[in-house]
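Take a look at the letters that make up each chain.
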Amino acid sequence: MTATVKYDEVEVGRELPAVDYPVRRVNLVMYAGASGDYNPIHWNERFAKVVGLPDVIAHGMYTMAQAGRFVTDWAGDPAAVVDYGVRFSSMVVVPDDDEGATITVSGVVEEKLEDRRVVVGLTARSGDARVLSKARAVVQLA
């Protein structure tokens, strides 16, 4: 596969519309199984509260993965992402109810590089909190 977004059709400042990613407790249990991260703060409300958290929280890498998914969906090819990094700035609190939490990810093309690559700056929020900072991806476009 190759990226479906064409370098010549992208300009600096292009905004990538926000996408909402719902997070339920079952998603955290599935992620724990896939990642091997069974820390009880990600699935046991009683334990999370004992250690001072407001409730169960999503794995940081799960949150990072949703922002990565946003970029790969935009590019049209997961292999188009050649560099990706974030800093974790807040927690995604996931209540045990029918709604859970939502991670909202948006982006903007910040820079055009050589070799048909662009830098995409990402914003990820859950509720009023920015959950990722310094989130950037370098994407190889068609």
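It should be noted that the structure appears before, not after, this text.
Residues numbered from 1 in each chain as written. Predicted model: local features only at pLDDT ≥ 70, side-chain atom pairs only at ≥ 80, totals over all residues. Heavy atoms only, no water.

Participant: How should I be thinking about the overall build of the protein in this particular structure?
Facilitator: Helix and strand counts for the protein come out as three helices and five strands. Ordered by position from N to C terminus, the α and β elements of the protein give β-α-α-α-β-β-β-β. With respect to the principal axes defined by its C-alpha atoms, the protein has extents near 50 × 30 × 25 Å. The contacts of the protein with a sequence gap of at least 6 include a subset with a gap of at least 24, amounting to 67%. When the accessible surface of the protein is summed, it comes to about 7,800 Å², and 51% of that surface belongs to carbon and sulfur atoms. The average position of the 15 basic charges and that of the 20 acidic charges among the side chains of the protein differ by 3 Å. (Helix = DSSP H or I, 4+ residues; strand = E, 2+ residues; numbered from the N terminus. Contact = heavy atoms within 4.5 Å. Areas by Shrake-Rupley, 256 points an atom, 1.4 Å probe, with all protein chains shown as cover. Lys, Arg positive; Asp, Glu negative; His and termini not counted. Charge placed at Lys NZ, Arg CZ, Asp CG, Glu CD.)

Participant: I tried to follow the pairing of strand β4 (residues 117-126) on my own but got confused; where do I start?
Facilitator: Moving residue by residue along a regular strand, the side chains alternate between the two faces of the sheet. Within β4, seven of the ten residues are buried, which leaves it mostly tucked inside the rest of the structure. Bridge count for strand β3 (residues 101-112) against β4 is eight bridges, and the pairing is antiparallel. Across the sheet, residue K112 finds its bridge partner in β4, namely V118. Remark: four residues form the turn of the hairpin made by β3 and β4, two consecutive strands paired antiparallel; D115 in that turn has positive phi of roughly 60°. Taken together, the nine bridges between β4 and strand β5 (residues 129-140) define a ladder with antiparallel strand orientation. The residue bridging V120 from the neighbouring strand is A137, located in β5. (Buried < 20%, exposed > 50% of the residue type's maximum accessible area, 1.4 Å probe, protein only. Pairing = 2+ DSSP bridges.)

Participant: What should I look at first to understand unusual backbone geometry in this one?
Facilitator: If a residue is not glycine, its phi is most likely negative; likewise, a peptide bond is most likely trans. A positive phi angle, near 60°, is found at D115, a position not held by glycine. Along the chain, D115 turns up in the loop between β3 and β4. On the basis of relative accessible area, D115 is assigned to the exposed category, the value being 60%. Its identity as a non-glycine residue notwithstanding, K134 has a phi of 50°, on the positive side. Mapped onto the secondary structure, K134 falls in strand β5. Judged by its relative accessible area of 53%, K134 is exposed.

Participant: Before we go on, may I ask you to explain a negative patch on the surface in this structure?
Facilitator: A cluster of acidic residues, D96, D97, D98 and E99, forms a negative patch at the surface. Here D98 shows up in the loop between β2 (81-88) and β3. For D98, a relative accessible area of 76% corresponds to the exposed category. (Patch = residues over 30% accessible without salt bridge, like charges linked within 9 Å, V, L, I, M, F, W, Y side chains within 5 Å. Salt bridge = Lys/Arg side-chain N within 4 Å of Asp/Glu carboxyl O.)

Participant: Would you explain the sheet that holds β5 in this entry?
Facilitator: Strand pairing within a sheet occurs via backbone hydrogen bonds; the two strands may be parallel or antiparallel. As summarised here, the arrangement of the five strands in space is β1-β3-β4-β5-β2, forming an open sheet in which the pairing is antiparallel. At either margin of the open sheet sits one strand with a lone partner, and together these are β1 (15-23) and β2. Averaged over all adjacent pairs, the angle separating strand axes in this sheet is 20°, with direction ignored. Where β2 and β5 come together, six bridges link them in antiparallel fashion. Across the sheet, F88 pairs through a bridge with L132, a residue of β5. (Axes fitted to C-alpha atoms, helices over the stretch in contact; angles between N-to-C directions.)

What is shown is where atoms sit, not what they do.
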